[in-house]
Amino acid sequence: MGTYNLEIEAVGGHGCQREVKDGENVVGCQAASCPDCEARRFVKSLRDNGSSVSRATLTHWPGQESEVKDDLLTGIR
C-alpha cells in the first residue's frame, strides 16, 4: 500500500447547485449526468473501498476571478 495522487482536469457539462455560497454545504442533485455529483460519487467510492482519501477538491472555473472550490470530503464550498 502506498500514497498516490489522482488529478483530473475536464471541460464539459454544467454541474449543480451554483447558488450555494462559500462556507455552505453542497448536497448535490444526484443526477447521473451531473459532473459535480459524479466526482462526489467517485470520492465516496474510493473511501468505501478502503482508500484513505486525505484531500479531494472540485474547483470550478480555476484561475478565474469567479473560481469556486468544493471540498469533496466535507461537502463545504
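In this convention, every chain numbers its residues from 1, walking through the sequence in written order. Side-chain atom pairs in this predicted model are given and counted only at pLDDT of 80 or more, local residue features only at pLDDT of at least 70, and totals for whole chains, interfaces and linings cover all residues. Based on all heavy atoms of the structure, the side-chain values leave hydrogens and waters out of the count.

> Sorry if this is basic, but what is going on with the nonpolar core here?
The nonpolar side chains of a soluble globular protein tend to be buried with one another. Throughout, nonpolar core names a set of buried Ala, Val, Leu, Ile, Met, Phe, Trp, Tyr and Cys residues whose side chains join them through atoms within 4.5 Å. Using a 1.4 Å probe on the protein chains alone, a residue whose accessible area is under 20% of its type maximum counts as buried, one over 50% counts as exposed, and one in between counts as partly exposed. Counting 5 residues, the largest nonpolar core is built from Val-43, Val-53, Ala-56, Leu-58 and Leu-72. Note on contacts: a residue pair is in contact if any heavy atoms of the two residues lie within 4.5 Å. Leave out the neighbours within four places in its chain, and Val-43 touches Val-53, Ala-56, Leu-72 and Leu-73.

> Just checking my understanding: could you explain helix H1 (residues 35–48) for this structure?
The α-helix advances 3.6 residues per turn, and as a result positions three or four apart in sequence lie on the same side. Comment: elements are numbered from the N terminus, with helices defined as DSSP H or I runs of at least four residues and strands as E runs of at least two. To estimate the expected span of a helix, subtract one from its residue number and multiply by 1.5 Å. If you check H1, its first and last C-alpha atoms are 20 Å apart, about what 14 residues at 1.5 Å a residue would give, namely 20 Å. Within H1 the residues assigned to the buried category are Asp-36, Cys-37, Arg-40 and Val-43. Buried residues of H1, viewed axially, fall in a sector of 125°; they line one side. Tucked inside the fold, the buried residues of H1 contact strand S1 (57–60) and strand S2 (68–71). Of all possible arcs, the one meant is that of the directions from the helix axis to the C-beta atoms.

> It is not clear to me how the pattern of salt bridges should be interpreted in this structure. Could you clarify?
Any two side chains of opposite charge can pair, on the condition that their charged atoms come close. Any Lys or Arg side-chain nitrogen found within 4 Å of a carboxyl oxygen on Asp or Glu counts as a salt bridge. Counted according to the given criterion, the structure contains 5 salt bridges. For Arg-18, the salt bridge identified is with Asp-36, shortest N-O distance 2.9 Å. Remark: Asp-36 occurs in helix H1 and Arg-18 occurs in the segment before H1; sequence separation between them is 18 residues. The class of Asp-36 is buried, set by a relative accessible area of 3%. Arg-40 is paired through a salt bridge with Asp-70; the nearest N and O atoms lie 3.7 Å apart. Of this pair, Arg-40 sits in helix H1 while Asp-70 is found in strand S2, placing the two residues 30 residues apart along the sequence. Taking relative accessible area as the criterion, Asp-70 reaches 2% and is therefore assigned buried. A single network of salt bridges, built from pairs that share partners, joins Arg-40, Asp-70 and Arg-77.

> Help me understand the environment of Ser-66, please; the structure alone is not making it clear to me.
Position of Ser-66 among the secondary structure elements: in the loop between S1 and S2. A residue is classified by how much of its surface remains accessible, and Ser-66, at 43% relative accessible area, is partly exposed. Note: C-alpha distance between Ser-66 and Ala-56 (10 residues apart in sequence) is 20 Å.

> For this particular structure, what's the right way to read the side chain of Arg-40?
We classify Arg-40 as buried; its relative accessible area is 15%. Those residues in contact with Arg-40 that lie beyond four places of it in its chain are Cys-16, Val-26, Gly-28, Asp-70 and Leu-72.

Everything listed is a geometric property; what it means functionally is a separate question.
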